[in-house]
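Spelled out, the chains give:
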Amino acid sequence: MINKTILIASITGMSFLITACNSTGGSTHNLKDRHGKGKKGGRMVSGGPPSRSHTETSVSEIVLIQANSSLSQSNLMQVTIDQNTRVIVSNGIPEHKVGAFPNKNNPNRIQARDYRFTMTTKPRKTGKITSSAKWYWGVAMNGVPFEAQTAEYWQGKRGGWNYDALGGALPLGLDENNAHVQPTGAYHYHGLPVGLLQNLGWKATEHSPQIGWAADGYPVYALTGNLGDGVKMLTSSYRLKEGQRPGGSNNPDGSYDGTFNQDWQYVKGAGDLDECNGAITYSDEFPKGSYGYFLTKDHPFLSRCWTGTPNRSFFTNH
């Protein structure tokens, strides 16, 4: 039996479910994020930190750390546009309250960073999907980066079964903003940035305010949009696969329950959004319509890919 603690967060009069990772399972792992050095169960991988070995195969208790702490450091951010290029310089410090860091499942302290993100102001679809693995996916309007994937794999096999940051199997110490901290001090979002949405005045009855920019230059919104037939809560088109995982020596067993990113599959037309959680939307920023990405309540929460060409600054700043 799986016990879940669901934290209800309210944003401007609307309550909805937000999930994060906390597990009481028995894997061998340390509690650092993707750039941390493993203390046990790790094996060195060429070109990167140790790969932690995990054995969890099912979701577990889900809880978020209360975001009630104010940071002593101030948010610093500057946006400039030169011809067709937008440059965002930021220290990555949010203005909203955050959870306690370090905490039981994340030993890292929030520190100011020196970000310089660059993107085109005239994005174009390439006709193909580009994965955001090992990159920051985008940057929020407050200069805090978005990161979709984790570097946590079943049995430490990189490129294999990848744990979902919001899948509920591993304890990653996320706060109510669906964010936590790298060993570098980088505070980053893995899902809905609740504090930022509150600061921006998000309302369930209105089109989402713009909450950020993706690395390919398209705007980012959250939850609500107008795809041409009025404002509504948008849904992703990802659905859990049916049946059981392959099992054996090279694959985890158990049912497809959302523990791993591979538990999900994109089903065209099942929801409102495409494979990268995007759609043409009509917003205050783009009243004539623009392609944009949306963060959703359900998987993938935050897009795992781009439809345009990401700027490499989101890799080099990672």
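For the structure, check the block above.
Residues numbered from 1 in each chain as written. Predicted model: local features only at pLDDT ≥ 70, side-chain atom pairs only at ≥ 80, totals over all residues. Heavy atoms only, no water.

Student: Can you help me understand the side chain of Gln-210 in this one?
Tutor: Looking at where Gln-210 falls in the secondary structure, it is placed in the loop between α1 (194-200) and β14 (212-214). Note on Gln-210: relative accessible area 8%, which makes it buried. Reaching out from Gln-210, the side chain makes a polar contact with the backbone oxygen of Gly-212 at a distance of 3.0 Å. When near neighbours in sequence (up to four residues on either side) are disregarded, Gln-210 contacts Met-141, Leu-200, Pro-219, Val-220, Tyr-221, Glu-285 and Phe-286. (Helix = DSSP H or I, 4+ residues; strand = E, 2+ residues; numbered from the N terminus. Buried < 20%, exposed > 50% of the residue type's maximum accessible area, 1.4 Å probe, protein only. Polar contact = N/O pair within 3.5 Å; in protein donor to acceptor, adjacent residues only side chain to side chain. Contact = heavy atoms within 4.5 Å.)

Student: Sorry, what's going on with the environment of Asn-250 here?
Tutor: Tracing the backbone through its elements, the reader meets Asn-250 in the loop between β18 (238-240) and β19 (264-266). Residues Asn-250 and Gln-155 lie 95 residues apart in sequence; the distance between their C-alpha atoms is 9.0 Å. With residues up to four places along the chain from it excluded, the contact list for Asn-250 reads Trp-154, Lys-157 and Trp-161.

Student: I tried to follow the side chain of Thr-259 on my own but got confused; where do I start?
Tutor: Along the chain, the position of Thr-259 falls in the loop between β18 and β19. Here Ser-58 takes part through its backbone nitrogen, which lies 3.5 Å from a polar atom of the side chain of Thr-259. In this structure the side chain of Thr-259 is engaged in a polar contact, spanning 3.1 Å, whose partner is the backbone nitrogen of Val-59. Beyond its immediate stretch of four places on either side in the chain, Thr-259 contacts Glu-56, Thr-57, Ser-58, Val-59, Asn-162, Tyr-163, Asp-164, Gly-167, Ala-169 and Arg-245.

Student: Is there a simple way to think about the pairing of strand β5 (residues 77-82) in this case?
Tutor: Each regular strand shows side chains that alternate between the opposite faces of the sheet. Taken across its six residues, β5 has zero buried, putting it largely on the surface. Where β5 folds back onto strand β6 (residues 85-90) in an antiparallel hairpin, the turn is made up of two residues, including Gln-83, whose phi is positive at roughly 55 degrees. (Pairing = 2+ DSSP bridges.)

Student: Looking at this structure, I do not really get unusual backbone geometry. What am I missing?
Tutor: The general pattern is negative phi for most residues beyond glycine and trans for most peptide bonds. The omega angle of the peptide bond from Phe-101 to Pro-102 is 5 degrees, so this bond is cis rather than trans. Considering the arrangement of structural elements, one finds Pro-102 in the loop between β6 and β7 (115-120). In this chain, His-299 is followed by Pro-300 through a cis amide linkage whose omega measures 10 degrees. One can find Pro-300 in the loop between β21 (290-295) and β22 (305-306). Phi at Gln-155 is positive, roughly 55 degrees, even though this residue is not glycine. Summarising the element assignment, Gln-155 is placed in the loop between β11 (153-154) and β12 (179-181). Relative accessible area serves as the criterion here: at 31%, Gln-155 is assigned to the partly exposed category.

Student: How should the sheet that holds β7 be read in this particular structure?
Tutor: Strand pairing in a sheet takes place through backbone hydrogen bonds and is either antiparallel or parallel in direction. Here three strands make up an open sheet; going across it, the order is β5-β6-β7 and the pairing antiparallel. Each end of this open sheet is capped by a strand with a single partner; those strands are β5 and β7. On average, each strand axis in the sheet is inclined to that of its neighbour by 15 degrees, with strand direction left out of account. When β5 meets β6, the two strands line up antiparallel, connected through six bridges. Note that in β6 the partner of Gln-78 across the bridge is Val-89. (Axes fitted to C-alpha atoms, helices over the stretch in contact; angles between N-to-C directions.)

Student: Sorry if this is basic, but what is going on with the pairing of β21 here?
Tutor: Where burial is concerned, most of β21 is hidden: six out of the six residues are buried. On β21, burial covers both faces: Ser-290, Gly-292 and Phe-294 on one face and Tyr-291, Tyr-293 and Leu-295 on the other are all buried. Note: strand β15 (residues 219-222) against β21, three bridges, orientation parallel. Within β21, the position partnered with Tyr-221 by the bridge is Phe-294.

Student: Whenever I open this one, the packing of aromatic side chains confuses me. Can you help?
Tutor: The relation between two aromatic rings is expressed through the spacing of the ring centres and the mutual angle of the planes. As enumerated under the stated definition, the model contains 18 aromatic pairs in all. Ring centres of Phe-101 and Tyr-187 lie 6.1 Å apart, and the angle between their planes is 75 degrees; on these two criteria the pair is classed as edge-to-face. Taken together, the residues span a long stretch of sequence, with Phe-101 in the loop between β6 and β7 and Tyr-187 in strand β13 (residues 187-189) at a distance of 86 residues. A relative accessible area of 1% places Tyr-187 in the buried class. Seen from the ring of Trp-213, Arg-86 lies directly overhead, with NZ or CZ sitting 3.6 Å from the centre. (Phe/Tyr/Trp six-rings, centres within 6.5 Å; stacked < 30°, edge-to-face > 60°. Lys NZ or Arg CZ within 6 Å of the ring centre and 35° of its normal.)

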